[in-house]
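# An overview of the molecular structure
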Amino acid sequence: MELYIITFKHGNYAVAAFNKLQGYGVRNIYLTQTPFSIKSECDLCIKAYGKDAYNIVMKECRKVPVDNVFMEIKQNGKTLYKML
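A brief look at the structure comes next. The model shown is predicted, which means the values in this text are computed figures rather than measured ones.

### Observations concerning a nonpolar patch on the surface
A surface patch of nonpolar side chains, about 380 Å² in accessible area, is lined by Met1, Tyr30 and Tyr49. One can find tyrosine 30 in strand E2 (residues 29-33). Tyrosine 30 sits in the partly exposed class, given a relative accessible area of 44%.

Structure below.
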């Protein structure tokens, strides 16, 4: 299953978007700290597991300033992040 990491300009946007999505009953999303290897202005991000969850998050976050979107890839025992 794919893992998408959505970063925001500010932590308030991440929390607000996550709470809104949780209110709608969206599954397979988590509010977590941004991985250290991803350089971001905000220390919070939303992790979406699967393409369906990712599409729902991006649809609901049209008006929120999303900073970047990354896909987590595991290769040879290493975790890599590919910017989409």
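This is not the end of the story, as more comes after the structure.
### Some thoughts on helix H2 (residues 51-60)
Of the positions making up H2, those classed as buried are Ala53, Tyr54 and Val57. The buried side chains of H2 occupy one side of the element, clustering within an arc of 100° when seen end-on. Set apart from the buried face of H2 by more than 90 degrees, the exposed residues are Asp52 and Lys59. Against the buried residues of H2 lie strand E1 (3-8), helix H1 (11-23), E2, strand E3 (44-49) and strand E4 (66-75).

### Structural notes on the nonpolar core
Core analysis: the largest hydrophobic core is formed by 17 residues, its most contacted members being Ile6, Phe8, Ile29, Ile46, Ala48 and Val57. Elements that contribute at least two residues to this core include exactly E1, H1, E3, H2 and E4. Residue contributions to this core peak at 4 residues, all from H1. Excluding residues within four positions of it along the chain, alanine 48 makes contact with Glu2, Leu3, Tyr4, Ile6, Asn28, Ile29, Ala53, Tyr54 and Val57.

### Describing unusual backbone geometry
Although it is not a glycine, asparagine 28 adopts a positive phi angle of roughly 65°. Within the secondary structure, asparagine 28 sits in the loop between H1 and E2. The residue asparagine 76 is not glycine, and still its phi comes out positive at about 50°. Looking at the secondary structure, you find asparagine 76 in the loop between E4 and strand E5 (78-83). Accessibility expressed as a relative area gives 80% for asparagine 76, which makes it exposed.

### Notes on H1
Over its 13 residues, H1 runs 18 Å from end to end, which matches the ideal 18 Å to within 8%, given 1.5 Å per residue. Here H1 has its buried residues at Ala14, Ala17, Phe18 and Leu21. On an axial view of H1, the arc spanned by its buried residues comes to 100°, and they lie on one face. Facing away from the buried surface of H1 by more than 90 degrees, the exposed residues are Asn12 and Gly23. Taken together, the buried residues of H1 touch E1, E2, E3 and H2.

The rules behind the values
- Residues numbered from 1 in each chain as written.
- Predicted model: local features only at pLDDT ≥ 70, side-chain atom pairs only at ≥ 80, totals over all residues.
- Heavy atoms only, no water.
- Patch = residues over 30% accessible without salt bridge, like charges linked within 9 Å, V, L, I, M, F, W, Y side chains within 5 Å.
- Areas by Shrake-Rupley, 256 points an atom, 1.4 Å probe, with all protein chains shown as cover.
- Salt bridge = Lys/Arg side-chain N within 4 Å of Asp/Glu carboxyl O.
- Helix = DSSP H or I, 4+ residues; strand = E, 2+ residues; numbered from the N terminus.
- Buried < 20%, exposed > 50% of the residue type's maximum accessible area, 1.4 Å probe, protein only.
- Arc of directions from axis to C-beta.
- Contact = heavy atoms within 4.5 Å.
- Core = buried A, V, L, I, M, F, W, Y, C linked by side-chain atoms within 4.5 Å.
- Expected span 1.5 Å × (residues − 1).

So yeah, pure geometry; function would need other evidence.
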